[in-house]
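Read off the chains here:
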Amino acid sequence: MQTQDFDKIIQKRRSVRIYDETVPFDENAVKRSIDRAILSPNSSNMQLWEFYWVKTKSVHDALTHACMGQSAIKTANQAVVFVTRQDKWKERSEWNLANLKKQFEGKTLTKRDERALDYYRKLMPLVYRSDPFGFNTLLRSIIVFFMGFRKPFLRIRNNGDQRVMTHKSCALAAQTFMLSMAAEGYDTCPMEGFDQEIVKKILNLPSIAEVTMIVACGTGKPEGIYSERTRVANEKVVFEV
Ligand SMILES: Cc1cc2nc3c(=O)[nH]c(=O)nc-3n(C[C@H](O)[C@H](O)[C@H](O)COP(=O)(O)O)c2cc1C
């Protein structure tokens, strides 16, 4: 791949808020883009995410309402809702563990292999387990305090830390999706301007699930780009250290 091609994709991707619903839309581009998004890097390969591909008009209309009528979703051909599923940690740990065991079948395990198995057997439950009384947060806080006293240690203590972890990975998937759609010749708009409670009801999500963002997509109209792309000077945000 040429870097010029990648640069074209980066330059093409803008947040487009008005779409041309009359232009034919190839929904296979969405499918391919979701498939690519799934290959995004994600914390410990736990894949604590879900992607809701909105194809039904009634769901699309309900989501438009939840997005307070934003034209980006109202006029979009389709949308994908990026959701975090912290509650799936046990299932995903076991899935990773089973995969590793399969890979290691018939092999004499090295120390690194044992560490990899322990990662999903012991560390992931320690990082993600939660309970209504906060015992696990207390346990993690104590472990972090003692283990992190003298040396670097992963400072994941509470539900907030866990939520940040899951949203980071889910946001990366959303970005892969948007760049892929740009490569497919389509426009997108990421949105966090929505009523999460309503979105969760529409998608029938459990209370622990969270919506990272909704990405609208389609063929944008020129007037769907509201302003020039501007960024603060690099000196304000880029530091050579
Ligand atoms: C997490 C996130 C949430 C956003 N939410 C909205 C939104 O609700 N509505 C909207 O019109 N644009 C939204 N945007 C788009 C930003 O306004 C846009 O990315 C920014 O102005 C930079 O413009 P560009 O994407 O065209 O480069 C969001 C972007 C991100 C990354």
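Residues numbered from 1 in each chain as written. Predicted model: local features only at pLDDT ≥ 70, side-chain atom pairs only at ≥ 80, totals over all residues. Heavy atoms only, no water.

Colleague: Before we go on, may I ask you to explain unusual backbone geometry in this structure?
Modeller: Glycine aside, negative phi is the norm for most residues, and most peptide bonds take the trans geometry. One non-glycine residue, serine 44, lies in the positive phi region at around 55°. Despite not being glycine, glutamine 47 has its phi angle at roughly 50°, a positive value. In this structure, glutamine 47 sits in the loop between α2 (27-37) and β1 (49-54). The class of glutamine 47 is buried, set by a relative accessible area of 18%. (Helix = DSSP H or I, 4+ residues; strand = E, 2+ residues; numbered from the N terminus. Buried < 20%, exposed > 50% of the residue type's maximum accessible area, 1.4 Å probe, protein only.)

Colleague: Any chance you could explain the domain arrangement of the protein here in plain terms?
Modeller: Interface size is often expressed as the accessible area that is lost when the parts come together. Assigned domains within the protein: domain 1 (16-86 + 166-237) and domain 2 (88-160). Between the C-alpha centres of domain 1 and domain 2 there is a distance of 31 Å. Contacts between the two partners involve eleven residues from domain 1, matched on the other side by eleven residues from domain 2. Note on domain 1 versus domain 2: buried area summed over both sides is about 980 Å², and carbon and sulfur give 47% of it. When the buried area of domain 1 at its contact with domain 2 is split by residue, Ser44, Met46 and Gln86 rank highest and sum to 55% of it. At the junction of domain 1 and domain 2, the tally comes to zero salt bridges. On inspection of domain 1 and its partner domain 2, the count reaches eight residue pairs in polar contact (both at pLDDT 80 or more). Here the residues of the side of domain 1 that touches domain 2 are counted per class, giving three nonpolar, six polar and two charged. (Domains from an automatic or database assignment. Contact = heavy atoms within 4.5 Å. Buried area = accessible area lost by both parts, 1.4 Å probe. Salt bridge = Lys/Arg side-chain N within 4 Å of Asp/Glu carboxyl O. Polar contact = N/O pair within 3.5 Å; in protein donor to acceptor, adjacent residues only side chain to side chain. Nonpolar A, V, L, I, M, F, W, Y, C, P; charged D, E, K, R; others polar.)

Colleague: Looking at this model, I keep getting lost on the environment of phenylalanine 194. Mind explaining?
Modeller: If you trace the backbone, phenylalanine 194 turns up in the loop between β3 (187-191) and α9 (196-202). Through-space distance from the C-alpha of phenylalanine 194 to that of methionine 213 is 8.7 Å; in sequence the pair is 19 residues apart. Ignoring any residue separated from it by four or fewer positions in sequence, one finds phenylalanine 194 in contact with Ala66, Cys67, Met68, Val199, Val211, Met213 and Ile214.

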